[in-house]
Structure formats: structure tokens, C-alpha cells
Amino acid sequence: MSLIDLAAVSFAYGRSRKVLHDIDLRIEAGRNLGIVGESGSGKTTILRLLLGLARPTSGRIAFRGEPLDPRDRLFMRGFRRSVQAVFQDPYSSLDPRQKVADIIAEPLRSLNVDTDIDAAVAEALASVDLPSGAAGRYPHEFSGGQRQRIAIARAIVSQPELVLADEVVSALDLTTRIRIVDLLKSLSERTTLVLVSHDIGFVALLCQDLVILEKGRIVEQGSARNILSAPKHPYTQRLLESTPRLPDFT
Amino acid sequence: MTDATPALSPPSSPRLTPAFVIGATLVGLHVIVGLITLFWAPYDPTAMTGGRLAPPSLAHWAGTDRLGRDLFTEIMVGARIALAVGIGAVAIAATIGVTIGLLAAFASRTVDDVLAATLDILIAFPTLLLAMLIVAASDGASLGTAILAIGIAASSIVARLTRILARRVLAMDYITAARVSGTGWLGIVRIHVLPNIWPTLIVNLALQFGLAVIAEASLSYLGLGAPPPNASWGRLLQEAQATVYTAPFGAVAPGIALVSLVIGLNLFADGLRDVADPTRRRR
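Caption draft 1: Broad picture of helix H3 (residues 100-110) of chain A. Across the 11 residues that make up H3 of chain A, a large majority, 8, are buried. Here H3 of chain A has its buried residues at Val100, Ile103, Ile104, Ala105, Glu106, Pro107, Leu108 and Ser110 of chain A. Where H3 of chain A is buried, its residues meet helix H2 (73-82), strand E6 (83-86), helix H4 (117-127) and helix H5 (144-156) of chain A together with helix H6 (173-180) and helix H7 (185-221) of chain B. Just downstream of H3 of chain A lies Asn112 of chain A, where phi reads positive at about 50°.

Have a look at this one:
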């Protein structure tokens, strides 16, 4: 089943700075999608469009077959509950003046989700392997990796069908990155993930499907297995070749 | 950035700096004195209770003025007036300034540019000069006019600061996360913007409080503030000017009162940020 469809979507900042060109994309439930490209390729703009934070200059975005219209409050309430996000910087994505419990509970309160908020927050914290005592703390009392777990807890507390993650591990060190990847892997058993990243290696660990973006255009898309084993486009080949590897000392 | 600390550090606690304690004590003393004068004062502040320009004594702790009124009583009543002006002016400045600042921060670029330019022009006028213009344009000098004038003059500074702080907050990822969480713009202001600009804003408002006290004293000194028989510190200083060499305590006593309140407010403001801002608390 298709969750979000982008059909011939283009986006420009102002009149002349076009950053996305005729994007056709389908996000299907149960199949994690990776959107890969270098800085400036339009990844984050696609993410903003997928989240309904920006409107395309042309083309159509649909959620479950219905046009995504940010002015339609009732529709957007259902959309927001179903689609959540985790952002790149765990330091700026958590409000420093809010306690962790309030940060995680924000989607439940804003979307008037009829649930026991304290219990839902405790469950979300447990899902990301943080102790329940974290609820009463402020973000500055946590490490970068722990903050990213709090951000993930906020994203999953409303039990969304789709979680969009923007460069979610790029600001983390290697060991923390591995733990977050493991966490996302376990989360992907109950929710669909869209991972936006410049790191094709990270995306390949979690996604069944890949979209390769270059200068605002999709240059290759399909199953991750096919793209990684036999990349067709030169840009994809370059991306794969530039993935860091340990030198072979044998 | 690491993730290797599953155990949580001890909870943080508010930090009360010595400056904050000294500031709060000075301000608290003035507040207590001001409140006491609502019910009791050593003498009637308008009555002649001793000889003219008498030096400090047990009967008159700060001496008497040129009409024989008890100076300590007048200074006590003056504290009430200074605090009333400060509270009133800061309330007006905060209401107008925060509203305009938030509107500018959320407005389109053109509206924001117009508001920012207007605020810059208003800030170019010294607060006291602007207050004098407003008092001069009104029916006449009164305590209410002084409060209104000082409040309006200070509101442009508060508005400009609010706009800058709010725009910085609105650029953060947690605002985008709030929008994705379904929080509306009013909710974003209430939940995220105001709590994040509050620690800086409260410091500025406390500083504005001190400036308002000085501005009222200045207006009263120039005859544009609280009219007689209100015992404004500025008027006391003005009246003591002619006798400053023969009876210096008439100028020194209200001067000490004014300076101690303003210094207290400044120290209090500086420490207030540490108390109001959880990110500045020690672990």
C-alpha cells in the first residue's frame, strides 16, 4: 500500500532557484526508503515536502491517495499523527527549556491523542532504551546519542506509520551510530522509515528501496539490492566508490 | 557525541549567585519599605515636623528638608513611587514590546523590515527625551503620565530584543519538530518561543525597571514627573540642590536610596537569568 506519492514534483526557492526537478516517488508501507545524495542535492527539501512543511512549486503530493494540503486542518491532524520526523542535530532538535517528558509528549498533546500521556512517554522511553527517570530531566543533561534517542522517542510516541529521519546519525560518533542503527532496525519492525542521508552505507543497512538524487533530480531508484550490486548511473557508481573502506592488508 | 552513559547524572539545581542574593535583598528592602508606607510612616510626609534643614538625629534619621518635613519619611514614600513607576513602566513596555516583537518575528519579510526600521528610529531617541516629549504632549505632569511615557519609550527596546530572540528561536530544529508534532503557531509561541526568550527578556526587563526608576527621578527633577506633594526621589534631589553645601544629607539620602535600588535591580537581573534558565544550572 502506498503511504505517500510524489508525482512530477518540482520546487524552487523564489522564482529562479529551482532545487527539485520532476520528482516521482512512492513510499510504500513496510518498505524502508533511503534518499541518498550529496549536500545540496535536494534531500532536505524533499523531506520538507514529505512533511508538509513546504508546498511544491508544481506537481502533486498525496498521502494515502488524498492530496496533501497543509491548509486542511482535519486532514493534517491525521497526517501529523501518521508521519513523524527525527532531525539531524540532536542539540537543536530538542527544546532546551522543556523537560524530556514534555518533549516526548508534545505530539500527543498537540494532536489531542486520547491516551494516558505518562504511560505513553514511559513506553516511548523504554522503546529507545532510556530509563524512566529521564522524563524529569532537561536535554542538556544528556549526551548526543541519548538526545537522539529522545528525539526518536518523540517521533514514535504517537505510533506513526512513517518516520522520516534526516541525517540522523551523521552528527554521532561511530559506536553511538551503531547503537542508533540497531535501534532504528528494531523500530522498523513496526513503522516504515524514510532515511535521508549522504551516507549510502548507513542507508543500505536499513532500507529495502533507494533513491539516488543528484542536483535535484532522481538519477536512479529501485531496490537497494539491485542498486548496490549493479549501479547503473555514473553518479551512483561514484557514491559507492567513495564509501570509506578499511585498507586491505592481506 | 557519545551514547555510552546509560546512567543519568544527578539532577541540576538552580544556582543562587551572591550577586543575586545581594540584589534580591536590596530590592526586597525597598519593596518592604514601600509596602509599609501604605499603612504606616514615621511622620506625615507633607507635615512640618521639625526645624528646617535639621541634621540627622534620633527623631529624624535623615534630617529634615527646607520646609521642616522628615526626610526619612519622604524617602520611604519615594520608594513606593519609584517601585510603582518601575512596575507600571515595565508592564507597559513588556506588553507593547513583546507583542510587537513577536509580530515582527512571525511577520513576512517586508512587514518585519518596516517594523525593525521603525524600532531602530525609536531607539535612536534616548528614553528620557522620548518620555519628556510624551509628557510635554500630554495634559500635564502626573505620576500616571510619567509611567505611560517611560513605558512607551522603553517598549521599543523590549520589542527589538524580543524580535531578535524570537527569530533565533524560530530558526531552531525544535520549532520544525513542533510543527511536525502538530503544534500550531500560538502553541509554538506559548510552549517554545516565550520560555526560550524569557531568561534573556527578564534580565532586560529588570534592567528596564532600573532605567525607569532613574527616568522617573530625572523627570521629577525636571518638574515633569510626580508633582508635589508626592515625595519622588528626583524631586527631593532637585529641592536639595540649593542647600547641598549647607545640608548635604538632603541630597545624599535620596541619592543613596536611588542608587541602592538601581544597583539592586541590576544585580537581581543578572542573577535572575541563572535561576530562570535551566541550561545554566549546575549539575
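Caption draft 2: Highlighting the sheet that holds strand E2 (residues 17-28) of chain A. Residues and elements named next belong to chain A. Overall, antiparallel pairing links the 4 strands, which are arranged E2-E1-E4-E5 in an open sheet. Looking at which strands have only one partner, the edges of the open sheet turn out to be E2 and strand E5 (66-67). Looking at chain direction, strand E1 (residues 2-13) and E2 are connected through 8 bridges and run antiparallel. Following the sheet pairing, Leu6 is matched in E2 by Leu25. With respect to the sheet, helix H1 (residues 43-50) is in contact with E1, E2 and strand E4 (58-63), its orientation differing from that of E2 by roughly 60°.

Caption draft 3: Looking closely at the side chain of Ser156 of chain B. All names here are of chain B. The topology assignment puts Ser156 in helix H5 (residues 143-170). Ser156 sits in the buried class, given a relative accessible area of 3%. Every residue in contact with Ser156, bar those within four places of it in the chain, is listed here: Leu119, Leu122 and Ile123.

Caption draft 4: Summary view of the packing of helix H2 (residues 71-106) of chain B against helix H9 (residues 249-276) of chain B. Residue and element names in this part refer to chain B. Their axes nearest at 11 Å, the elements H2 and H9 cross at an angle of 30°. The angle between the axes of H2 and H9 places the two elements in the roughly parallel class. Considering only the axes of H2 and H9, their crossing is right-handed. Contacts from Leu71, Ile75, Ala82 and Leu83 in H2 reach Phe249, Gly250, Ala253, Pro254, Ala257 and Leu261 in H9. Looking at the contact of H2 with H9 residue by residue, the class counts come to 9 nonpolar, 1 polar and no charged.

Caption draft 5: How the structure looks around the packing of aromatic side chains. Residues and elements named next belong to chain A. In the structure shown here, the tally under the stated rule is 6 aromatic pairs over all chains. Aromatic pair Phe63 and Phe79: ring centres 5.1 Å apart, planes at 85°, arrangement edge-to-face. Of this pair, Phe63 sits in strand E4 while Phe79 sits in helix H2, and the two are 16 residues apart along the sequence. With a relative accessible area of 0%, Phe79 lands in the buried category. Members of the aromatic cluster, connected to one another through ring pairs, are Phe63, Phe75 and Phe79.

Caption draft 6: Main features of the nonpolar core. Counting residues in each nonpolar core, the largest one holds 50 residues, and the members touching the most others are Ile104, Ile152, Leu184 and Phe202 of chain A. Looking at which element gives the most residues to this core, the answer is H5 of chain A, with 6 residues. When residues no more than four places from it in sequence are discounted, the contact partners of Ile104 of chain A are Val121, Ala124, Leu125, Ile150, Ala153, Arg154 and Val157 of chain A. Val193, Ile197, Ala253 and Leu258 of chain B belong to the second-largest nonpolar core, a separate cluster that totals 38 residues.

Caption draft 7: View of the sheet that holds E6 of chain A. Residue and element names in this part refer to chain A. Sheet architecture is open: 6 strands sit in the order E6-E7-E8-E3-E9-E10, paired in mixed fashion. Each having just a single partner strand, E6 and strand E10 (217-223) make up the two edges of the open sheet. Pairs of neighbouring strands in the sheet enclose a mean axial angle of 15°, with direction left out of account.

Caption draft 8: Geometry of the pairing of E4 of chain A. Residues and elements named next belong to chain A. Relative to E4, E1 is paired through 5 bridges, and the arrangement is antiparallel. Residue pairing in the sheet places Ala7 in a bridge with Arg60 of E4. Direction of pairing for E4 relative to E5: antiparallel, over a ladder of 2 bridges. Counterpart to Ala62 in the pairing with E5 is Pro67.

Caption draft 9: Looking closely at the environment of Ala276 of chain B. All names here are of chain B. Note that Ala276 resides in helix H9. For the pair Ala276 and Ile202, spaced 74 residues apart in sequence, the C-alpha separation works out to 8.5 Å. Not counting chain neighbours up to four residues away, the residues in contact with Ala276 comprise Trp198 and Pro199.

Caption draft 10: Focus on a nonpolar patch on the surface. The grouping of Val31, Ile32, Leu35, Ile36, Leu38, Phe39 and Trp40 of chain B at the surface amounts to a nonpolar patch, some 750 Å² of accessible area in total. Judged by relative accessible area, which is 47%, Leu35 of chain B ranks as partly exposed.

Caption draft 11: Layout of unusual backbone geometry. Residue and element names in this part refer to chain A. Positive phi, close to 50°, is recorded for Gln159, a residue that is not glycine. Overall, the relative accessible area of 62% leaves Gln159 in the exposed class. One non-glycine residue with positive phi stands out, namely Lys215, at about 50°. For Lys215, a relative accessible area of 66% puts it in the exposed group.

Caption draft 12: Inspection of the pairing of E6 of chain A at higher detail. All names here are of chain A. Burial along E6 is two-sided: Val83 and Ala85 and Gln84 and Val86, pointing in opposite directions, are all buried. When E6 meets strand E7 (residues 162-166), the two strands line up parallel, connected through 4 bridges. Residue pairing for E7: Ala85 is matched across the bridge by Leu164.

Basis of the calculations
- Residues numbered from 1 in each chain as written.
- Chains lettered and ligands numbered in written order.
- Predicted model: local features only at pLDDT ≥ 70, side-chain atom pairs only at ≥ 80, totals over all residues.
- Heavy atoms only, no water.
- Buried < 20%, exposed > 50% of the residue type's maximum accessible area, 1.4 Å probe, protein only.
- Helix = DSSP H or I, 4+ residues; strand = E, 2+ residues; numbered from the N terminus.
- Contact = heavy atoms within 4.5 Å.
- Pairing = 2+ DSSP bridges.
- Axes fitted to C-alpha atoms, helices over the stretch in contact; angles between N-to-C directions.
- Parallel < 35°, antiparallel > 145°, perpendicular 65-115°, else oblique.
- Left-handed = near helix turned anticlockwise from the far one by under 90°.
- Nonpolar A, V, L, I, M, F, W, Y, C, P; charged D, E, K, R; others polar.
- Phe/Tyr/Trp six-rings, centres within 6.5 Å; stacked < 30°, edge-to-face > 60°.
- Core = buried A, V, L, I, M, F, W, Y, C linked by side-chain atoms within 4.5 Å.
- Patch = residues over 30% accessible without salt bridge, like charges linked within 9 Å, V, L, I, M, F, W, Y side chains within 5 Å.
- Areas by Shrake-Rupley, 256 points an atom, 1.4 Å probe, with all protein chains shown as cover.
- Salt bridge = Lys/Arg side-chain N within 4 Å of Asp/Glu carboxyl O.

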